[in-house]
Amino acid sequence: MTTHTAAGIGALTFRPLDPLKDAVLLHGWVTHPKSAFWMMQDAELVDVERAYMEMAADEHHHAYLGLHDGVPAFLMEKYDPARRELVGLYEPERGDVGMHFLVAPTDRPVHGFTRAVITAVMAELFSDPATARVVVEPDVGNKAVHALNAAVGFVPDREIQKPEKKALLSFCTREQFERAVSS
């Protein structure tokens, strides 16, 4: 994986998540009140370990720990929406990649950090020439992430009903991303 440098923020890098070594850290993130939309508020450590062990064994769903200047600071999940998460909820296209991201909760937020993270996540996904379009399905009530998604080029398509939530299906092509971040 590559390093993305964000002006005024620093280096943002990705490494494969180690479900056992990183579980304690992740548990603190996903159960934090600021992570309510991650829907793991009541998860025990073993639940987090199990969820990410299953993901590590899944060829269609991958998790990466994001580092800010070498320190764990965010999580990225990449999945094949034709085989996970969105099966039967939309018509996938060749080159579609699904994405989730979570910024670690902090008591000392850095202005522009979350936008830098989503920009690095998108740049990382589009660094694969096979990725033509990124697909997201955040909770319809997560207005903050809708604004972030729009800032990097996502265009809402429609609301869909997933088993766990009502979601806003949105898409971002490589061209939409490049246009959004170059302006």
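In case you missed it, the structure is sitting above this.
Every value quoted in this text rests on a predicted model; they were computed, and no experiment measured them.

Things to note about helix 4 (residues 143-151)
- Turning to helix 4, its buried residues are Val 145, His 146, Leu 148, Asn 149 and Ala 151.
- Residues of helix 4 that are buried in the fold lie against strand 5 (96-103), helix 3 (113-126), strand 6 (133-136), strand 8 (166-173) and helix 5 (174-182).
- One or two positions beyond helix 4, positive phi appears at Gly 153, with a value near 110 degrees.

Some details on the environment of Val 97
- With respect to the helices and strands, the residue Val 97 is situated in strand 5.
- Between the alpha carbons of Val 97 and Arg 133 there is a distance of 6.3 Å; along the sequence they are 36 residues apart.
- If near-sequence neighbours (up to four positions away) are discounted, Val 97 is found in contact with Lys 78, Tyr 79, Pro 81, Leu 125, Thr 131, Arg 133, Val 134 and Val 135.

Structural notes on the environment of Tyr 79
- Its location among the elements puts Tyr 79 in strand 4 (residues 71-79).
- Tyr 79 gets classed as buried once you look at its relative accessible area, which sits at 2%.
- Residues Tyr 79 and Arg 50, 29 residues apart in the sequence, show an inter-C-alpha distance of 17 Å.
- Once residues within four sequence positions are removed from consideration, Tyr 79 is found in contact with His 60, His 61, Arg 84, Glu 85, Leu 86, Val 97, Gly 98, Met 99, His 100, Val 135 and Glu 137.
- One polar contact links Tyr 79 to Glu 137, side chain to side chain, over a distance of 2.8 Å.

Points about the pairing of strand 3 (residues 61-68)
- Burial runs high along strand 3: seven of the eight residues are buried.
- As defined by bridge partners, strand 2 (residues 10-16) adjoins strand 3 across five bridges and the pair is classed as antiparallel. The partner of Phe 14 across the bridge, within strand 3, is Gly 66.
- Summarising the sheet, strand 3 and strand 4 pair through eight bridges and their orientation is antiparallel.

Examining unusual backbone geometry
- Although it is not a glycine, Asp 69 sits at a positive phi angle of roughly 50 degrees.
- Residue placement: Asp 69 occurs in the loop between strand 3 and strand 4.
- Although it is not a glycine, Glu 85 sits at a positive phi angle of roughly 70 degrees.
- Along the chain, Glu 85 turns up in the loop between strand 4 and strand 5.

Brief notes about the packing of helix 1 (residues 23-30) against helix 2 (residues 45-56)
- Close contact between helix 1 and helix 2 brings their axes to 9 Å; oriented N to C, the two are set at 110 degrees. Comparing the axis directions of helix 1 and helix 2 gives the class roughly perpendicular. Every residue of helix 2 that contacts helix 1 at Ala 23, Val 24, Leu 26, His 27 and Val 30 is listed here: Leu 45, Val 48, Glu 49 and Tyr 52.
- Its residues assigned to classes, the contact of helix 1 with helix 2 comprises seven nonpolar, one polar and one charged.

Rules and cut-offs
- Residues numbered from 1 in each chain as written.
- Predicted model: local features only at pLDDT ≥ 70, side-chain atom pairs only at ≥ 80, totals over all residues.
- Heavy atoms only, no water.
- Buried < 20%, exposed > 50% of the residue type's maximum accessible area, 1.4 Å probe, protein only.
- Helix = DSSP H or I, 4+ residues; strand = E, 2+ residues; numbered from the N terminus.
- Contact = heavy atoms within 4.5 Å.
- Polar contact = N/O pair within 3.5 Å; in protein donor to acceptor, adjacent residues only side chain to side chain.
- Pairing = 2+ DSSP bridges.
- Axes fitted to C-alpha atoms, helices over the stretch in contact; angles between N-to-C directions.
- Parallel < 35°, antiparallel > 145°, perpendicular 65-115°, else oblique.
- Nonpolar A, V, L, I, M, F, W, Y, C, P; charged D, E, K, R; others polar.

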